[in-house]
Amino acid sequence: MSTSPKPVKKVPIHLQSAQNRVYIKNGQIVNHDKTFMADVYIEDGTIKFVGSASEIVVPGGVRVIDATGKLIIPGGIDPHTHFQLRFGNAVSVDDFYHGTKAAIAGGTTTIIDFVLPNKGESLVEAYDKWREWADPKVCCDYALHVGITWWSNSVSQEMKIMCDELGVNSFKMFMAYKGLYQLNDSELLDVFERIRALGAIAQIHAENGDVIAKNVSKLLAANITGPEGHELSRPEEVEAEAVNRACILAHQMDCPLYVVHVMSKSAGDEIARARTRYNKRGIYGETLAAALGTDGSHYGHTCFQHAAAHVLSPPLRPDPTTPEYLTKLLAK
């Protein structure tokens, strides 16, 4: 005696495929090298076709988006976020859910956050902790940089594990935050040498932490404790000196260098000079939207919340011509 198999409920084709098959037509594609009119077919999250409508047979049941008069722009990549970051007695306001949800709303489809181990903490254990925070919450693609916040043979060995087994190939060092994250020049040379051997890339927070520590002591003694003291503790030359020194140290080790959040005209000039001096080999600079859209004049605002909302390191600069100057440097 035979039995008939239990009937399988059929899902209509338009419901079955609408989520994983998308056809965008009549739009203007904006790539890094050119713009052009074309259609785009996406299946299971992968772009399968870019070209003329006459060159493709679109399967049935797809979701069709008419992009006439609109631009089709690849999803953005934000290479520098700090979600759920514990720093001192504070935690950054956006966790991995709210931060990545906001990213998608603005057209950013990939973020790269930073694992920052405590001094003496294993890189692998810190990486696992960040993954535990992020994996259940992220709404978009993400990756992780790893900070080298202290230096030892064990850190050097774990860097290889990061590259070979965990897919991390970018490491961030700090020349600021004395007593917390700051590495000295000798340690930086060792880290740059290790990064070069691993075929990875170095990132650097470039501010002279020793000068900042001295300035902070003077400002506190003068009872300057508000947001207005932030830029006073780390003026433009303190950033520019560290950028220049970082470029020299990395070049000595033949290590590619990515200087994060360049915030001043003179620091930008140091990046430009290093790129010319070393024939643009392996020297990159990053700035922030805040540096291009506002300036440090707000630190003196009478409203504490307004002034404090502009605090970041390196700080925004009081020179109102800085945003335009940095914008022009980006074009070079």
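What you see is a predicted model, and the numbers here were worked out from it, not measured in a lab.

Analysis parameters
In this convention, every chain numbers its residues from 1, walking through the sequence in written order. Where totals are concerned, whole chains, interfaces and linings use all residues; where local detail is concerned, this predicted model gives features only for residues with pLDDT of at least 70, and gives and counts side-chain atom pairs only at 80 or more. Side-chain measures here rest on the full set of heavy atoms in the structure, leaving out hydrogens and waters. Each axis is a line fitted through C-alpha atoms, and for a helix only the stretch in contact is used; angles between axes span 0 to 180 degrees, taken between their N-to-C directions. Here a helix means four or more residues in a row that DSSP labels H or I, a strand means two or more in a row labelled E, and each is numbered from the N terminus. For this classification, under 35 degrees means roughly parallel, over 145 means roughly antiparallel, 65 to 115 means roughly perpendicular, and everything else is oblique. Crossing handedness follows the turn of the near helix against the far one: under a right angle anticlockwise gives a left-handed crossing, and clockwise gives a right-handed one. Whether two residues are in contact is decided by their heavy atoms: any pair within 4.5 Å suffices. Just so you know the grouping, Ala, Val, Leu, Ile, Met, Phe, Trp, Tyr, Cys and Pro go in nonpolar, Asp, Glu, Lys and Arg go in charged, and all remaining residues, Gly too, go in polar. Here the aromatic set is Phe, Tyr and Trp, taking the six-membered ring for Trp, and pairing holds for ring centres within 6.5 Å; pairs whose planes are under 30 degrees apart are stacked, those over 60 apart are edge-to-face, and all others are tilted. Note on exposure labels: buried denotes an accessible area under 20% of the residue type's maximum, exposed denotes more than 50%, and partly exposed covers the range between, all computed with a 1.4 Å probe on protein chains only. Geometrically, a lysine NZ or arginine CZ counts as sitting over a ring once it is within 6 Å of the ring centre and also within 35 degrees of the ring normal. Here a salt bridge means any side-chain nitrogen of Lys or Arg lying within 4 Å of a carboxyl oxygen belonging to Asp or Glu. UniProt positions are given in the numbering used here, feature names are shortened, and annotations may be inferred rather than shown by experiment. Among buried residues, those of type Ala, Val, Leu, Ile, Met, Phe, Trp, Tyr and Cys that are joined through side-chain atoms within 4.5 Å constitute a nonpolar core. We call two strands paired when DSSP finds no fewer than two bridges between them.

Looking at the packing of helix H5 (residues 185–198) against helix H8 (residues 236–252)
The description of two packed helices rests on the angle between their axes and on the distance between the axes.
At step 1: Running from N to C, H5 and H8 point in directions that differ by 45 degrees, and their axes come no closer than 9 Å. The angle between H5 and H8 falls in the class oblique. Considering the relative orientation of H5 and H8, their crossing is right-handed. Contact residues: H5 offers Asp 185, Leu 188, Leu 189 and Phe 192, while H8 offers Arg 245, Ala 246, Leu 249 and Ala 250.
At step 2: Broken down by class, the residue content of the contact of H5 with H8 amounts to six nonpolar, no polar and two charged.

Comments concerning the packing of aromatic side chains
At step 1: According to the stated counting rule, one finds eight aromatic pairs in the structure shown.
At step 2: An angle of 70 degrees between the planes, with centres 5.4 Å apart, marks the rings of Phe 87 and Tyr 177 as edge-to-face. Residue Phe 87 is located in strand S7 (residues 86–87), and its partner Tyr 177 is located in the loop between strand S11 (170–174) and H5; the two are separated by 90 residues in the primary sequence.
At step 3: Accessibility expressed as a relative area gives 35% for Phe 87, which makes it partly exposed.
At step 4: One aromatic cluster is present, built from ring pairs that chain together Phe 87, Phe 174, Tyr 177 and Tyr 181.
At step 5: Positioned above the aromatic ring of Phe 36, the side-chain terminus of Lys 34 is 5.4 Å from the ring centre.
At step 6: Between Lys 265 and the ring centre of Tyr 325, over which it is positioned, the NZ or CZ distance is 5.4 Å.

Structural notes on the pattern of salt bridges
At step 1: Enumeration over the complete set of coordinates arrives at 15 salt bridges.
At step 2: Put simply, Lys 265 and Asp 319 hold a salt bridge, and the shortest N to O gap is 2.9 Å. Pair noted here: Lys 265 is in helix H9 (residues 265–277) and Asp 319 is in the loop between helix H11 (304–308) and helix H12 (322–330), with a separation of 54 residues, a long-range link.
At step 3: Among the ionic pairs, Lys 328 bridges to Glu 324, the shortest N-O distance being 3.4 Å. One end of the pair, Lys 328, and the other, Glu 324, are both in helix H12, four residues apart, so they sit about a helical turn from each other.
At step 4: Overall, Lys 328 belongs to the exposed group, its relative accessible area being 52%.
At step 5: Each of Asp 185, Glu 241 and Arg 245 takes part in salt bridges that share partners, so that together they form one network.

What to know about the UniProt feature "domain: Amidohydrolase-related" (unreviewed entry) in the protein chain
At step 1: According to UniProt, the "domain: Amidohydrolase-related" (unreviewed entry) feature falls on residues 72–237.
At step 2: As annotated, residues 72–237 has a helix share of 42% and a strand share of 22%, and its two end C-alpha atoms lie 42 Å apart.

Looking at the nonpolar core
At step 1: In this structure, Phe 171, Met 173, Phe 192, Ile 204 and Leu 257 are the most contacted members of the largest nonpolar core, which totals 54 residues.
At step 2: Discounting residues that sit within four places of it in the chain, Met 173 has contacts with Ile 148, Leu 183, Leu 188, Val 191, Phe 192, Ile 195, Ala 202, Gln 203, Ile 204 and His 205.
At step 3: Counting seven residues, the second largest nonpolar core, distinct from the first, contains Val 22, Ile 29, Ala 38 and Ala 67.

Focus on the environment of Thr 225
At step 1: Within the secondary structure layout, Thr 225 lies in the loop between helix H6 (209–221) and helix H7 (228–233).
At step 2: For Thr 225, a relative accessible area of 61% translates into the label exposed.

Considering the sheet that holds strand S14 (residues 283–285)
Backbone-to-backbone hydrogen bonds join strands into a sheet, with any given pair of strands oriented parallel or antiparallel.
At step 1: Spatial strand order, S6-S9-S10-S11-S12-S13-S14: seven strands in an open sheet with parallel pairing. Looking along the sheet, the strands with just one partner apiece sit at the ends: strand S6 (76–81) and S14. The mean angle between the axes of side-by-side strands here comes to 25 degrees, regardless of whether they run parallel or antiparallel.
At step 2: Here strand S10 (residues 141–147) pairs with S11 via two bridges, running parallel. Bridged to Val 146 within S11 is Phe 171.
At step 3: In the packing of helix H3 (residues 123–134) onto the sheet, the strands contacted are strand S9 (108–115) and S10, and the crossing angle to S10 comes to about 150 degrees.

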